[in-house]
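For reference, the chains in residue letters:
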Amino acid sequence: MANIKSAKKRILVINKKTLRNKMVASATKTAIKKVVAAVNAGDKAAASDALRAATKAIDMACTKGILHKNNASRKKSRLAKLVNKMA
């Protein structure tokens, strides 16, 4: 355990940031799963709505530095391709 005041503060700040990062990453994964579930169910309207929400979640995660921009772009592209393949 840290003894220096600034080190104690850094521990608190890092814990807070880690929690925020986990929350954003978890929300992003959930949004992606909703798109895949809608595609598997064959519901085009729900899939496109879920895709819109997932794209927003992925962009927010990218903006906050939780996802790399290329990783975010790849995820969005794959989800869009999945939804667009539905007939």
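How each quantity is defined
Residues numbered from 1 in each chain as written. Predicted model: local features only at pLDDT ≥ 70, side-chain atom pairs only at ≥ 80, totals over all residues. Heavy atoms only, no water. Helix = DSSP H or I, 4+ residues; strand = E, 2+ residues; numbered from the N terminus. Buried < 20%, exposed > 50% of the residue type's maximum accessible area, 1.4 Å probe, protein only. Contact = heavy atoms within 4.5 Å. Expected span 1.5 Å × (residues − 1). Salt bridge = Lys/Arg side-chain N within 4 Å of Asp/Glu carboxyl O. Arc of directions from axis to C-beta.

**Some remarks on the environment of Asp43**
Turning to step 1, where the next piece is worked out: Along the chain, Asp43 turns up in the loop between helix 1 (5-41) and helix 2 (44-63).
Turning to step 2, where the next piece is worked out: Residue Asp43 is classed as partly exposed on the basis of its relative accessible area of 37%.
Turning to step 3, where the next piece is worked out: Sequence separation between Asp43 and Ala57 is 14 residues; the distance between their C-alpha atoms is 21 Å.
Turning to step 4, where the next piece is worked out: Setting aside its immediate chain neighbours within four residues, Asp43 contacts Ala38 and Met86.

**Thoughts on helix 2**
Turning to step 1, where the next piece is worked out: The end-to-end C-alpha distance of helix 2, which contains 20 residues, comes to 28 Å, matching closely the 28 Å that a straight helix rising 1.5 Å per residue would cover.
Turning to step 2, where the next piece is worked out: Residues of helix 2 that are buried in the fold lie against helix 1 and helix 3 (69-84).
Turning to step 3, where the next piece is worked out: Gly65, located one to two residues past helix 2, shows a positive phi value of around 85 degrees.

**Overview of the pattern of salt bridges**
Turning to step 1, where the next piece is worked out: For the structure on display, the rule yields 2 salt bridges.
Turning to step 2, where the next piece is worked out: As a salt-bridge pair, Arg52 and Asp49 come within 3.2 Å of each other at their nearest N and O atoms. Here Arg52 and its partner Asp49 are both found in helix 2, 3 residues apart, which amounts to about one turn of the helix.
Turning to step 3, where the next piece is worked out: Note that Lys76 and Asp59 form a salt bridge whose closest N and O atoms lie 2.7 Å from each other. Note that Lys76 is positioned in helix 3 and Asp59 in helix 2, a separation of 17 residues in sequence.

**Details of helix 3**
Turning to step 1, where the next piece is worked out: Compared with an ideal rise of 1.5 Å per residue, which puts 16 residues at 22 Å, helix 3 spans 22 Å between its outermost C-alpha atoms and is within 8% of the ideal.
Turning to step 2, where the next piece is worked out: Those residues of helix 3 that sit buried are Ala72, Leu79 and Val83. Seen end-on, helix 3 carries its buried residues on one side only, within an arc spanning 40 degrees. In helix 3, the exposed positions that point more than 90 degrees away from the buried face belong to Arg78, Lys81 and Asn84.
Turning to step 3, where the next piece is worked out: Of the surrounding secondary structure, the elements contacted by the buried residues of helix 3 are helix 1 and helix 2.

**Overview of the environment of Ala37**
Turning to step 1, where the next piece is worked out: In this structure, Ala37 sits in helix 1.
Turning to step 2, where the next piece is worked out: Judged by its relative accessible area of 45%, Ala37 falls in the partly exposed class.
Turning to step 3, where the next piece is worked out: As a C-alpha pair, Ala37 and Ala47 span 10 residues in sequence and 8.1 Å in three-dimensional space.

Scope: geometric values only; no functional claims are made or implied.
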